[in-house]
Amino acid sequence: MTTPARPAAFVRRPSPRLSEGLVTHIERSDDVDPDLALTQWQGYVDALRAAGYTTVEVDPAPDCPDSVFVEDAMVVAGDLAVVTAPGAPSRQPETDGARAAAVAAGLTVVDLTDAPVEGTIALDGGDVLKVGDTAYVGVGGRTTEAGAQALAHHLATVGRTVVPVQIRKTLHLKSQVTALPDGTVVGYEPLVDDPAAWPSFLAVPEPEGAHVVVLGGQTVLMSDQAPQSAQLFRDRGWEVVAVPIGEFVKLEGCVTCLSVRLHDTD
């Protein structure tokens, strides 16, 4: 069967109510600028496109302050899109637009909650770090044990294995670690619950250096607020694209949160 044409990344325009977004592990900033955030979001989208991505906008959700963090609303593995069950009640309406976009893209779409699992099913996509055929799932913040089990049920249908990881220091698993193209997990050690839990771990010198998006090949996208980490990656042979996303960082966001990429490594 021919795989249907599909976009390379989903993105979602920030809500004008962005400054009302939730914060959990940091102090609320009083100076979130929605206009600057929109400019930074456009720069992020432009960087994806410059790297060869086709981007598709999920319908805006202006009444949902956190909706720009589209990654939390769905998990994609191969041609399967799992619509999540966000752990914060105020974010649950964000999934309707994500589901519609995934259907329109020709993906096979399932709801996380449609799994034979007992307990409260809750999961944010920001808690899912995909490395090869393994999906590490952060449990302890917005994501529950039952949510991880439900995701394991769905991802097993496309040959993926879920490994739960207990977290307590950050909002999401990918707030503390992400992975380079070779599978090396990177993180700012003071914010990583257990660096030894990762088969290959590289400590970075700045908090924002922990967050990378694999653009393909040898290239990663990251915040421009981590120049030392960027140089560390370059010294190891990776190409780096750095973009300003400071308004989203004020709301515990990072480069991974702002898109859902349709490949299997984050």
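What counts as what
Residues numbered from 1 in each chain as written. Predicted model: local features only at pLDDT ≥ 70, side-chain atom pairs only at ≥ 80, totals over all residues. Heavy atoms only, no water. Helix = DSSP H or I, 4+ residues; strand = E, 2+ residues; numbered from the N terminus. Polar contact = N/O pair within 3.5 Å; in protein donor to acceptor, adjacent residues only side chain to side chain. Expected span 1.5 Å × (residues − 1). Buried < 20%, exposed > 50% of the residue type's maximum accessible area, 1.4 Å probe, protein only. Arc of directions from axis to C-beta. Contact = heavy atoms within 4.5 Å. Core = buried A, V, L, I, M, F, W, Y, C linked by side-chain atoms within 4.5 Å. Salt bridge = Lys/Arg side-chain N within 4 Å of Asp/Glu carboxyl O.

Looking at an unreviewed UniProt entry, one finds the protein named Dimethylargininase, with Ornithinicoccus hortensis as its source organism.

This part is about the side chain of arginine 160. Assignment of secondary structure puts arginine 160 in the loop between helix 3 (145-155) and strand 8 (161-166). Reaching out from arginine 160, the side chain makes a polar contact with the backbone oxygen of valine 158 at a distance of 2.5 Å.

Let us now look at helix 1 (residues 34-50). In a regular helix each residue adds 1.5 Å, so 17 residues correspond to 24 Å; helix 1 covers 24 Å between its end C-alpha atoms and thus fits that length. Every buried residue of helix 1 is listed here: Ala37, Gln40, Trp41, Tyr44, Val45, Ala47 and Leu48. On an axial view of helix 1, the arc spanned by its buried residues comes to 155°, and they lie on one face. Among the exposed residues of helix 1, those oriented more than 90 degrees off its buried face are Asp35, Thr39 and Ala50. Among the residues trailing helix 1, glycine 52 stands out with phi positive, at a value near 100°.

The subject of this paragraph is the environment of histidine 172. When you line up the elements, histidine 172 lands in the loop between strand 8 and strand 9 (177-179). A relative accessible area of 4% means that histidine 172 is categorised as buried. With 19 residues separating them in the primary sequence, histidine 172 and leucine 191 have C-alpha atoms 11 Å apart. Not counting residues up to four positions away in its chain, the partners in contact with histidine 172 are Asp72, Asp124, Gly126, Asp127, Arg142 and Ile167.

By size, the foremost hydrophobic cluster in this structure holds 25 residues, and its most contacted members are Tyr44, Leu48, Leu221 and Phe248. Within the residue set of this core, elements represented by two or more residues are strand 1 (9-12), helix 1, strand 12 (213-216) and helix 5 (246-249). Ranked by residues supplied to this core, first place goes to helix 1 with six residues. Excluding residues within four positions of it along the chain, tyrosine 44 makes contact with Val213, Leu221, Val243, Val255, Leu258, Ser259 and Arg261. Formed by 20 residues, the second largest nonpolar core is a distinct cluster that contains Leu80, Ala115, Val139 and Ala146.

Right, let's get into the pattern of salt bridges. Inspection of every chain in the model, using the stated rule, returns 13 salt bridges. Close ionic contact of glutamate 71 with arginine 261 constitutes a salt bridge, the shortest N to O distance being 3.7 Å. In this pair, glutamate 71 sits in the loop between strand 2 (55-58) and strand 3 (74-77) while arginine 261 sits in strand 15 (residues 260-261), placing the two residues 190 residues apart along the sequence. The two residues glutamate 71 and arginine 261 agree in class, both being buried. Between arginine 142 and aspartate 124 there is a salt bridge, with its nearest N and O atoms 3.5 Å apart. In this pair, arginine 142 sits in the loop between strand 7 (134-139) and helix 3 while aspartate 124 sits in the loop between strand 5 (108-111) and strand 6 (128-131), placing the two residues 18 residues apart along the sequence. Both residues of the pair, arginine 142 and aspartate 124, belong to the buried class. Salt bridges sharing partners connect three or more residues here, namely Asp31, Glu247 and Lys250.

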